[in-house]
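# Close look at the chain arrangement
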Amino acid sequence: EAMEEFYGHRIGTQEETLAGLVADLHAALKEAGIETSQISYATAPVVKLPLTRMRVTFGVKSDYGRFKKFLKILETGRRWIAVESVAIRRDSRG
């Protein structure tokens, strides 16, 4: 029963989750005050699990405080979102 709860309610079905995840991501960016011009999405099945992995890639210009707020929104949201990597680059224009 715990596994059904986890997959059925915490993660959800693929159809429910992918559309909702995209909406939640846009809402989190907006709430944190971060803009992005392009977001790419790719999905792939997770081996031996009834899950689909969605890789989301995007670039932003942000200060540390807003970026930290964005990560907190993702970490404390109702969806299970794992941030696997972050690359930071200093703006060379100033």
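Below, the structure is looked at part by part. For clarity, every value in this text was computed on a predicted model and none was experimentally measured.

So, about the packing of aromatic side chains. Applying the stated criterion across every chain, the model contains 1 aromatic pair. With centroids separated by 6.0 Å and ring planes inclined at 85°, the aromatic side chains of Phe58 and Phe70 adopt a geometry described as edge-to-face. One end of the pair, Phe58, is in strand β2 (residues 52-58); the other, Phe70, is in helix α3 (residues 64-76), with 12 residues separating them in the sequence.

This next bit is on the pairing of strand β1 (residues 39-45). With 7 bridges joining them, β1 and β2 adopt antiparallel strand pairing. Looking across to β2, one finds that Tyr41 is bridged to Val56. Between β1 and β2, which pair antiparallel one after the other, the connecting turn spans 6 residues, and Lys48 there sits at a positive phi close to 65°.

A separate point is the nonpolar core. Counting residues in hydrophobic clusters, the biggest one holds 9 residues: Leu25, Ala28, Leu29, Ala32, Ile34, Ile39, Phe70, Ile73 and Leu74. In terms of residue count, the dominant contributor to this core is helix α2 (residues 14-32) (4 residues). If near-sequence neighbours (up to four positions away) are discounted, Leu29 is found in contact with Ile34, Thr36, Ile39, Phe58, Val60 and Phe70.

What counts as what
- Residues numbered from 1 in each chain as written.
- Predicted model: local features only at pLDDT ≥ 70, side-chain atom pairs only at ≥ 80, totals over all residues.
- Heavy atoms only, no water.
- Phe/Tyr/Trp six-rings, centres within 6.5 Å; stacked < 30°, edge-to-face > 60°.
- Helix = DSSP H or I, 4+ residues; strand = E, 2+ residues; numbered from the N terminus.
- Pairing = 2+ DSSP bridges.
- Core = buried A, V, L, I, M, F, W, Y, C linked by side-chain atoms within 4.5 Å.
- Buried < 20%, exposed > 50% of the residue type's maximum accessible area, 1.4 Å probe, protein only.
- Contact = heavy atoms within 4.5 Å.

Everything listed here is a matter of coordinates, which is why it stays silent on function.
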